Amino acid sequence: MNNPEFTIRKNAPIWVIVLVALIIVISLWSANFYLLVDIEDKGILGDMFGVVNSLFSGLAFAGIIITIYLQRNELILQREELKLTRDEFKNQNVTLRLQRFENTFFNLLSLHHEIVKGIYFTKETLVNEDKGGFRRITDEIKTENITFTGRDVFQVCYNEIRSKLHGTKELHEISSAYISEYYKYQNHFDHYFRNLSQIIVLIDTTLILNHKNPGLELNEKSKYVDVVKAQLSTYELLWIYYNCLSSNGMRFKPLIEKYGFFNEDFILDYLVDSDHRNMYEISAFEKK
């Protein structure tokens, strides 16, 4: 922080001033002495010392100027040190803010996995009566309850809801059909969607790196959204897709579009109807 070369360069004119002042004083004093050395008039010789006194007074004044100059340089150095200190504090604040954000982010992501693991759904299923996988034709139809857990629940429930979404073309039709079926699975998925939206809102509202350029900040945030997307299965994405087209997820939908949450080719392969693609802005399928 204290660079010797910088200090010498700043203070170099001081030595020039001192040297010039000394030369002037000695030269004038010597000139007065030799010019008046043959004069017997004591008064003139006394005047000679009066001139010298004036010169020393001038030298004292020069000393004051030099002191002010030194203080000025010292203030410059102090300001530069304070600026470096402020910059260091800013960097530390950015680092601490990022650490706090990431701690919260990864805690919510860990909670997301726990929520997925805790999801379960019980479905009544026909029982095959022979070992070949085919049910024999009998008068009695046997069923049993099978419980699905974790990510399997999303696939089973999505297959259940597809029939209701078939034939829907308008947004209000999709929303109405989805909501009517969603209530059957609400207890399984409510906590899931609330936590997921909380993660994306956290990313969106946190000033991660204090970029003055909004484009750079958006790029940094998109990296964390990509981390979230990497945790989601195919059928989770499909549930998110249709949930955001309903009244349940309308507030979440703009963030989906902002961060390019879906892969267009991937989504088109699994949608109930290809026309449902048009329910989102093109930005929802663009990688940020």
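Our structure is the block above this text.
Since this is a predicted model, take the numbers as computed values, not measurements.

## Quick word on the environment of Val227
Thinking step 1. Assignment of secondary structure puts Val227 in helix H5 (residues 214-230).
Thinking step 2. If near-sequence neighbours (up to four positions away) are discounted, Val227 is found in contact with Phe105 and Leu109.

## So, the packing of helix H3 (residues 152-165) against helix H4 (residues 171-205)
Thinking step 1. Close contact between H3 and H4 brings their axes to 9 Å; oriented N to C, the two are set at 165°. Here H4 runs roughly antiparallel to H3, going by the angle between their axes. The two elements H3 and H4 meet at a crossing, and its hand is right-handed. Contacts from Val153, Phe154, Cys157, Glu160, Ile161, Lys164 and Leu165 of H3 reach H4 at Ile174, Ala177, Tyr178, Glu181, Tyr182, Tyr185, Phe189 and Tyr192.
Thinking step 2. Tallied by class, the residues present in the contact of H3 with H4 amount to 12 nonpolar, no polar and three charged.

## Points about the packing of H3 against helix H6 (residues 234-243)
Thinking step 1. Remark: H3 packs on H6, axes separated minimally by 9 Å, with the N-to-C direction vectors making an angle of 40°. With respect to H6, the element H3 is oriented oblique. Judged by the twist between their axes, the crossing of H3 over H6 is left-handed. Residues Phe154, Gln155, Cys157, Tyr158, Asn159, Ile161 and Leu165 of H3 touch H6, and the partners they reach there are Tyr235, Glu236, Leu238, Trp239 and Tyr242.
Thinking step 2. A per-class count over the contact of H3 with H6 returns nine nonpolar, two polar and one charged.

## Brief notes about the side chain of Asn243
Thinking step 1. Relative to the assigned elements, Asn243 resides in helix H6.
Thinking step 2. In this structure Asn243 comes out as buried when scored by relative accessible area, which is 5%.
Thinking step 3. What Asn243 contacts, discounting residues up to four positions off in sequence, is Tyr178, Tyr182, Phe193, Asn248 and Gly249.

The rules behind the values
- Residues numbered from 1 in each chain as written.
- Predicted model: local features only at pLDDT ≥ 70, side-chain atom pairs only at ≥ 80, totals over all residues.
- Heavy atoms only, no water.
- Helix = DSSP H or I, 4+ residues; strand = E, 2+ residues; numbered from the N terminus.
- Contact = heavy atoms within 4.5 Å.
- Axes fitted to C-alpha atoms, helices over the stretch in contact; angles between N-to-C directions.
- Parallel < 35°, antiparallel > 145°, perpendicular 65-115°, else oblique.
- Left-handed = near helix turned anticlockwise from the far one by under 90°.
- Nonpolar A, V, L, I, M, F, W, Y, C, P; charged D, E, K, R; others polar.
- Buried < 20%, exposed > 50% of the residue type's maximum accessible area, 1.4 Å probe, protein only.

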